[in-house]
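Structural overview for review
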Amino acid sequence: MKRPLFAALLILAGALAAPAGADDRPLRERLADRREVSICIWDLVGRNGPIFSAARDQTTRFLKYGIKVNLEPYTDERVMVETLKAGRCDAALMTGMRARLFNQYTGTIDSIGGLPTEEHLRMLLKVLADPRSAPRMTQGNYVVLGVAPAGGAYIFVNDKRINTLGKAAGKKVAVLDYDPVQAEMVGDLGAAPVPTDIVHAPGLFNNGVVDVLAAPLAAYQLMELYKGMKPDGGIINYPLAQITLQLVGHKDRITPELAQITRELFFESYDDFLGRVRRETRVVPEHWFVEIPEDDKREYEVMMREARQELERRGYYSADMLELQKRIRCKLDNTRAECSDIKR
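Criteria and cut-off values
Residues numbered from 1 in each chain as written. Predicted model: local features only at pLDDT ≥ 70, side-chain atom pairs only at ≥ 80, totals over all residues. Heavy atoms only, no water. Buried < 20%, exposed > 50% of the residue type's maximum accessible area, 1.4 Å probe, protein only. Helix = DSSP H or I, 4+ residues; strand = E, 2+ residues; numbered from the N terminus. Pairing = 2+ DSSP bridges. Right-handed = clockwise from strand over helix to strand, strands pointing away. Axes fitted to C-alpha atoms, helices over the stretch in contact; angles between N-to-C directions. Parallel < 35°, antiparallel > 145°, perpendicular 65-115°, else oblique. Left-handed = near helix turned anticlockwise from the far one by under 90°. Contact = heavy atoms within 4.5 Å. Nonpolar A, V, L, I, M, F, W, Y, C, P; charged D, E, K, R; others polar. Disulfide = S-S within 2.5 Å. Phe/Tyr/Trp six-rings, centres within 6.5 Å; stacked < 30°, edge-to-face > 60°.

Another point: the pairing of strand 6 (residues 172–176). Summarising burial for strand 6: 4 of the 5 residues are buried, a large majority. Inspection of the sheet shows strand 6 paired to strand 7 (residues 192–196) by 5 bridges, in the parallel sense. Residue pairing in the sheet places K172 in a bridge with A192 of strand 7. Tracing the backbone out of strand 6, into helix 8 (residues 180–188) and back to the parallel element strand 7 gives a crossover that is right-handed.

Moving on to the packing of helix 7 (residues 118–129) against helix 12 (residues 256–268). Between helix 7 and helix 12, whose axes approach to 9 Å, the crossing angle comes to 160 degrees. Judged by the angle between their axes, helix 7 and helix 12 are roughly antiparallel. Helix 12 is crossed by helix 7, and the crossing has left-handed handedness. Between helix 7, through R122, L125, K126, L128 and A129, and helix 12, the contact on the second element is made entirely by Q260, R263, E264 and F267. Counted by class, the contact of helix 7 with helix 12 contains 4 nonpolar, 1 polar and 4 charged residues.

This next bit is on the state of the cysteines. Taken as a whole, this structure holds 2 disulfides when the rule is applied. Disulfide pairing places C40 opposite C89 at an S-S distance of 2.3 Å. On the sign convention where negative is left-handed, the bridge of C40 and C89, at about -115 degrees about the S-S bond, is left-handed. Of the two residues, C40 is situated in strand 1 (residues 36–42) and C89 in the loop between helix 4 (77–85) and strand 3 (91–95); the sequence distance between them amounts to 49 residues. Here C330 connects covalently by a disulfide to C339, the sulfurs 2.1 Å from one another.

With that out of the way, let us pick up unusual backbone geometry. Between K230 and P231 the backbone carries a cis peptide bond, its omega angle lying at 0 degrees. For P231, the position within the fold is in the loop between helix 11 (226–229) and strand 9 (234–250). Positive phi is not limited to glycine here, since E224 has a value of about 55 degrees. Following the sequence through the fold, E224 ends up in the loop between helix 10 (219–222) and helix 11.

What follows concerns the packing of aromatic side chains. Applying the stated rule across the entire model yields 4 aromatic pairs. Between F102 and Y142 the ring centres are 4.8 Å apart and the planes differ by 70 degrees, which places this aromatic pair in the edge-to-face class. Of this pair, F102 sits in the loop between helix 5 (96–99) and helix 6 (104–107) while Y142 sits in strand 5 (residues 142–157), and the two are 40 residues apart along the sequence. The class for F102 is buried, based on a relative accessible area of 4%. Given a relative accessible area of 15%, Y142 falls into the buried group. Ring plane angle 55 degrees and centroid distance 5.8 Å describe the contact between Y238 and Y300, whose orientation is recorded as tilted. Remark: Y300 occurs in helix 14 (residues 294–313) and Y238 occurs in strand 9; sequence separation between them is 62 residues. The exposure class of Y238 is buried, given its relative accessible area of 12%. Residue classification places Y300 among the buried positions, given a relative accessible area of 9%.

Structure (C-alpha cells):
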C-alpha cells in the first residue's frame, strides 16, 4: 500500500513536465522545457523504503514526456536539507517544520492550534494554490512547489494519566534538536526536553527514554509506537496541529509558471493525499485513544493561541499566515471567542 508521502513526489514529477502555464491544454502541448530533474526524497528506511520504492516505480510514467527524474533517498532529513542547499538536487520533499527554514510563511502552516481540522487545512491550501498567493511562495533563493496534508499531530504518552499539560511536569519530552523554541515551550511546562530528531525520536519513546512524543497517527504503525505505549500508555485524542509535507525547490531552476502549476496539482490531489493518510491511521486501535474533557480543550485553545502570539512576537511564526489561519477558523466557526477581537 502506498504511503501518504508518495503522492508529493509523483505530483512534482508530473508538474515538471508541464511548465507552460495554468491552462486546459493537454500536458504534452504545454511541455516547453524537457530536461532532467533531480529530487531528494526523505524516507526513514532509505532506498528500500516504501516512499522511495513507490516513487521509483512511477518514474517511467514521465519518460514519455522527455523528463528523466533522478531520485535520491535520504534517511536523515537534516542531511537531505544540506544537500538541497548545496544544489545537488533541484527540489526536496520535507516536513513542514523543516520547510520553515526556507519559507516562514508556509512554515507557519504547522503552527500549534492554527488549523484544528483537516477541513481548515483544505481551505488554507486552496488559498495557497491561487496564483495571487505566488509571491508568498518564494523566499530568498527558494520556492515552495506544493504543500500536502500528512495528518494531525497527536501526543503519544507511556502513561495515559498524562492527559493534561499540568501532568506533563517532570516528564521527559522529545523535542526536535534544530528547533530551540520547542525545548523552551516544554521547559515552561515544567517538563524536561530531550533534544532528538525524527529518525531517533521513536526509538527514544519505544525504549522509555522519553515519556511523551508528538507524532502523526501514521507513525503508530510505521514507527511501531505501540511498543512505547505498552502497557499503560495512550494517544491523547486532540490534534495539536495539522502536519504538512512541503516540496521546496531552487528558484533559479524552476520557472514561476512551473511552480504555480505544481502548487495547483498538489491542491487538486488533496483528497488523494488525505485518503492515503486515513488508510494508515485506521490501523490504530480505538483502545489507545485517551479522551480529555471539553473544558480542558477550551483551555488548550487559549494556551495555544497565547503560544502563537508569543512566537509571532519573536519572529518565529509569520504574522500573515497566522492572520489567514484565524480568518479560516472564524469562517468555519464564527462563535469562537477569538473571532470577536483582532488578536490572532
